[in-house]
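Here are the chains, one letter per residue:
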Amino acid sequence: GSTLEIKDLHVEIEGEKILNGVNLTIKGGEFHAVMGPNGTGKSTLASAVMGHPKYEITQGSVLLDGEDVLEMEVDERAQAGLFLAMQYPSEISGVTNSDFLRSSINSRREEGDEIPLMEFIKKMDSNMDELEIDKNMAQRYLNEGFSGGEKKRNEILQLMMIEPAIAILDEIDSGLDIDALKVVSKGINQMRSDDFGCLIITHYQRLLDYITPDHVHVMMQGRVVKSGGPELAQRLEAEGYDWIKEELGIED
Ligand code: ADP
Ligand code: MG
Ligand code: MG
């Protein structure tokens, strides 16, 4: 499996400090959850690792198997094996879902070793069945007119098709009803293998009822302030974040 190392990451948006030294290491075979109150920088972390131009990295490093991710273009990050749900623009006119998936898969393979069409179709069909996605989604333009729930399911379809080394999923559970949440969780759980590591960012414990993380981290004020096992998420669900604030002497 691969290793993503986020070391002492400091990020500013328009001159304002948002991340103040985030440290996280995600290895193949591991599921990590990042939780925390709203506005503590969770999405900023995902966007900074993704390479969103608005986020200025002022200190620290991000390494994928020792390679400097911050030096890579966004598409190079994907080719290197990183999957960042938000890297896919909300709509890409003129590109079908199926075309997009095929070219994404092939961009991670050697030239001359492209996925055979029949193998691609079979894999896409079975993953769409698994995720209870309507087959006509394959030929629709990417995200164009997709409902919120369809977009989320489609992100998991991308995950299952592209089979990245490391994925960062930001609020993949937001706006999903319970049935969609179960389907999305099932897809993520199916990805479990030594060749896949995942960082699941969520504001709510609800998703973690279906996906059991190996490690749980709490972010506050732009840094990881506490890490533990799945029991940490349960305590947050029961008691909220105040006890951590008290422990750390944080005022809001
Ligand atoms: P979280 O995902 O934990 O809710 P965010 O990373 O979205 O937190 O936001 C962290 C802080 O950065 C917030 O104070 C937010 O207002 C600010 N912020 C996030 N994105 C932007 C942006 N694009 N422009 C300006 N401020 C931003
Ligand atoms: Mg938020
Ligand atoms: Mg967020």
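Residues numbered from 1 in each chain as written. Chains lettered and ligands numbered in written order. Predicted model: local features only at pLDDT ≥ 70, side-chain atom pairs only at ≥ 80, totals over all residues.

A short note on the overall build of the protein chain
Quick note on the threshold: Only runs of H or I of at least four residues qualify as helices and only runs of E of at least two qualify as strands under DSSP, and these elements are numbered from the N terminus. In this description the radius of gyration comes from C-alpha coordinates, and the expected globular size is given by 2.2 Å times residues to the power 0.38. In this scheme the burial state of a residue depends on its C-beta neighbours within 10 Å: 20 or more other such atoms mean buried, 12 or fewer mean exposed, and anything in between means partly exposed; the C-beta positions come from the backbone. Here, residue contact means that the backbone-derived C-beta atoms of the two residues sit within 7 Å.
Secondary structure summary: the protein chain contains eight helices and 10 strands in total. A compact globule built from 252 residues would reach a C-alpha radius of gyration of about 18 Å, and the protein chain, at 18 Å, matches this within 12%. Sorting the 252 residues of the protein chain into buried and exposed places 36% on the buried side. At a minimum sequence separation of 6, the contacts of the protein chain that also span at least 24 residues come to 71%.

Regarding the site of ligand 1
Rule in force here: A residue counts as near a molecule or strand when its C-beta atom, positioned from the backbone, falls within 6 Å of it. In this classification, Asp, Glu, Lys and Arg are treated as charged, Ala, Val, Leu, Ile, Met, Phe, Trp, Tyr, Cys and Pro as nonpolar, and every other residue, Gly included, as polar.
Taken together, Ile13, Glu14, Ile18, Gly36, Asn38, Gly39, Thr40, Gly41, Lys42, Ser43, Thr44 and Lys54 form the complete shell of residues around ligand 1. Looking at which element gives the most residues to the shell around ligand 1, the answer is helix α1 (residues 42-50), with three residues. Split by residue class, the shell around ligand 1 holds two nonpolar, seven polar and three charged.

Considerations on the pairing of strand β9 (residues 215-220)
Filter applied, for reference: We treat two strands as partners when DSSP finds at least two bridges between them.
The pairing of strand β3 (residues 31-35) with β9 spans four bridges and is classified as parallel. Looking at the pairing, Met35 lines up with Val218 of β9. As judged from the five bridges shared by β9 and strand β10 (residues 223-228), these two strands associate in the antiparallel manner. Bridging across to β10, Val218 finds its partner in Lys226. Counting the residues in the hairpin turn of β9 and β10 gives two residues, including Gln221, whose phi is positive at 50°.

Section: the sheet that holds strand β4 (residues 55-64)
Reading across from one edge, β2-β1-β4-β5 is the order of the four strands in this open sheet, with antiparallel pairing throughout. Of all the strands in the sheet, the pair left with one neighbour each is β2 (16-27) and β5 (67-68). Here strand β1 (residues 3-13) runs beside β4; their pairing, made up of eight bridges, is antiparallel. By the bridge assignment, Glu5 is partnered in β4 with Leu63.

Some words on the sheet that holds strand β6 (residues 82-84)
Backbone-to-backbone hydrogen bonds pair the strands of a sheet. The strands run either parallel or antiparallel. Note the cut-off: Every axis corresponds to a line fitted to the C-alpha atoms, with the helix fit spanning only the stretch in contact, and the corresponding angles, defined between N-to-C directions, vary from 0 to 180 degrees.
Spatially, the six strands line up as an open sheet ordered β6-β7-β8-β3-β9-β10, and their pairing is mixed. Two strands bound the open sheet, and with one partner strand each, they are β6 and β10. Averaged over all pairs of adjacent strands, the angle between strand axes in this sheet comes to 20°, irrespective of strand direction.

Regarding unusual backbone geometry
Unlike most non-glycine residues, Asp65 shows phi in positive territory, near 50°. Relative to the helices and strands, Asp65 is located in the loop between β4 and β5. On the neighbour-count criterion, Asp65 (15 C-beta atoms within 10 Å) is partly exposed. Its identity as a non-glycine residue notwithstanding, Gln221 has a phi of 50°, on the positive side. Here Gln221 is to be found in the loop between β9 and β10. By the C-beta count within 10 Å, which is 18 here, Gln221 ends up partly exposed.

Considerations on helix α6 (residues 178-190)
Using the following cut-off: Multiply 1.5 Å by the residue count of a helix minus one, and that product is the helix's expected span. Of all possible arcs, the one meant is that of the directions from the helix axis to the C-beta atoms.
The end-to-end C-alpha distance of α6, which contains 13 residues, comes to 18 Å, matching closely the 18 Å that a straight helix rising 1.5 Å per residue would cover. Among the residues of α6, those classed as buried are Leu181, Val184, Ser185, Gly187 and Ile188. Seen from one end, α6 has its buried residues packed into an arc of 160°, which puts them on one side. Structural note: α6 exposes Asp179 and Asn189 on the side pointing more than 90 degrees away from its buried face. On its buried face, α6 sits against α4 (117-130), α5 (148-162) and β8 (197-201).

Observations concerning helix α7 (residues 230-239)
The set of residues buried in α7 consists of Leu232, Ala233 and Leu236. Relative to the axis of α7, the buried residues are bounded by an arc of 100° and lie together on one face. Seen from the open side of α7, the exposed residues pointing more than 90 degrees away from its buried face are Glu231, Ala238 and Glu239. Elements that come into contact with the buried residues of α7 comprise β3, β9 and β10. Immediately beyond the C-terminal end of α7, within one or two residues, lies Gly240, with a positive phi of roughly 75°.

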